[in-house]
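Structural description and commentary
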Amino acid sequence: MIILLTVAIAPGLALFSYFYLRKQIAKDPSRTLFHTFLYGAIMTFPIMFIQHVFEEEHIIENEFFRNALFTSGLEEFFKWLILIIAIYKHIEFEDAYDGILYGASVSLGFATVENILYLFTFGLDTAFIRALLPVSSHALFGVVMGYYIGKAKFATAKSQKGMLFFAFFASFILHFIYNGILGVNDHSLYLIIPFMLFLWWFGLTRVKYAHTFAMQQFRKKAQVK
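Parameters at a glance
- Residues numbered from 1 in each chain as written.
- Predicted model: local features only at pLDDT ≥ 70, side-chain atom pairs only at ≥ 80, totals over all residues.
- Heavy atoms only, no water.
- Axes fitted to C-alpha atoms, helices over the stretch in contact; angles between N-to-C directions.
- Helix = DSSP H or I, 4+ residues; strand = E, 2+ residues; numbered from the N terminus.
- Contact = heavy atoms within 4.5 Å.
- Nonpolar A, V, L, I, M, F, W, Y, C, P; charged D, E, K, R; others polar.
- Buried < 20%, exposed > 50% of the residue type's maximum accessible area, 1.4 Å probe, protein only.
- Phe/Tyr/Trp six-rings, centres within 6.5 Å; stacked < 30°, edge-to-face > 60°.
- Lys NZ or Arg CZ within 6 Å of the ring centre and 35° of its normal.

Observations concerning the packing of helix 3 (residues 44–56) against helix 5 (residues 96–122)
One way to put it is that helix 3 packs onto helix 5 with a least axis distance of 10 Å and a crossing angle of 65°. Across the interface between the two elements, Thr 44, Phe 45, Ile 47 and Met 48 of helix 3 pack against Gly 109, Phe 110, Val 113, Glu 114 and Leu 117 of helix 5. Considering only residue class, the contact of helix 3 with helix 5 consists of 6 nonpolar, 2 polar and 1 charged.

Following this line, the structure appears as structure tokens:
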């Protein structure tokens with residue numbers, strides 16, 4: 001049981017460590033990041049309950065639309081809502097790169113609990129593929145969402161609402177494509193590999209842009225002082 005739990009948690013911890021250590025300015029308070037991770041973990045259960053109700057009541061009959069459209073929208077909306085309500089106005093949201101960290105944290109909280117439940121159900125045989133696909137994809141969806149939330153945080157008041165909406169929309173579209181590809185049973189393997197390569201490229205370029213912008217903010221603050 002301890003081995004199973006360790007294997008389930010390890011991918012999320014490794015990915016978050018990478019994004020956290022990538023920040024070369026002041027490190028963010030671990031307590032706030034841990035709280036964000038917990039929010040993401042807790043939200044797994046209402047999401048699973050809503051998904052179960054929709055499936056049992058046959059509210060969305062088409063499996064593709066249920067998995068690709070509804071599930072993607074539901075999961076990304078909950079992540080987005082947590083970031084907007086609990087983090088966006090937080091005093092410790094100090095620079096653009098913080099958006100990356102908080103976005104990754106809430107997403108990995110969700111992905112880690114989902115991974116634990118999945119591995120306890122289906123065993124260790126699926127651990128490797130889940131680390132490569134669901135866990136890493138959730139982390140990157142969170143990075144993209146956090147990047148645009150970070151941009152909104154330090155944008156002009158006029159463009160903030162549009163940027164906040166795009167933070168949800170961008171992560172939803174990526175999640176929708178990901179789930180849609182997995183729904184194409186016969187060709188999913190041939191499609192998911194190039195998509196994951198694109199997702200990693202797109203996510204890591206957002207990390208780079210956010211880090212550059214945060215460094216510029218840091219230098220401006222230093223000059224003022």
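Side note on unusual backbone geometry
The residue His 58 is not glycine, and still its phi comes out positive at about 55°. Structurally, His 58 is set in the loop between helix 3 and helix 4 (63–87).

Side note on the environment of Ala 111
Position of Ala 111 relative to the elements: it lies in helix 5. What makes Ala 111 buried here is its relative accessible area of 1%. Sequence separation between Ala 111 and Arg 130 is 19 residues; the distance between their C-alpha atoms is 9.8 Å. When sequence neighbours within four positions are dropped, the list of residues in contact with Ala 111 reads Val 135 and His 138.

Some remarks on the environment of Tyr 178
Checked against the element boundaries, Tyr 178 lands in helix 7 (residues 157–182). Since its relative accessible area comes to 5%, Tyr 178 is described here as buried. Distance from Tyr 178 to Pro 134, taken between C-alpha atoms, is 9.4 Å for residues 44 residues apart in sequence.

Some details on the packing of aromatic side chains
Taken as a whole, this structure holds 21 aromatic pairs when the rule is applied. Look at Phe 168 and Phe 172: their rings are 5.9 Å apart centre to centre, the planes differ by 10°, and that puts the pair in the stacked class. Of this pair, Phe 168 and Phe 172 both sit in helix 7, 4 residues apart, roughly one helical turn. We note that Phe 168, like Phe 172, is buried. Connected via pairs of aromatic rings, a cluster forms that spans Phe 64, Phe 65, Phe 77, Phe 78, Trp 80, Phe 168, Phe 172 and Phe 176. Its guanidinium or amino end placed over the ring of Tyr 147, Arg 206 lies 5.8 Å from that ring's centre, counting from NZ or CZ. It is Arg 206 that lies over the ring of Phe 202; its NZ or CZ is 4.1 Å from the centre.

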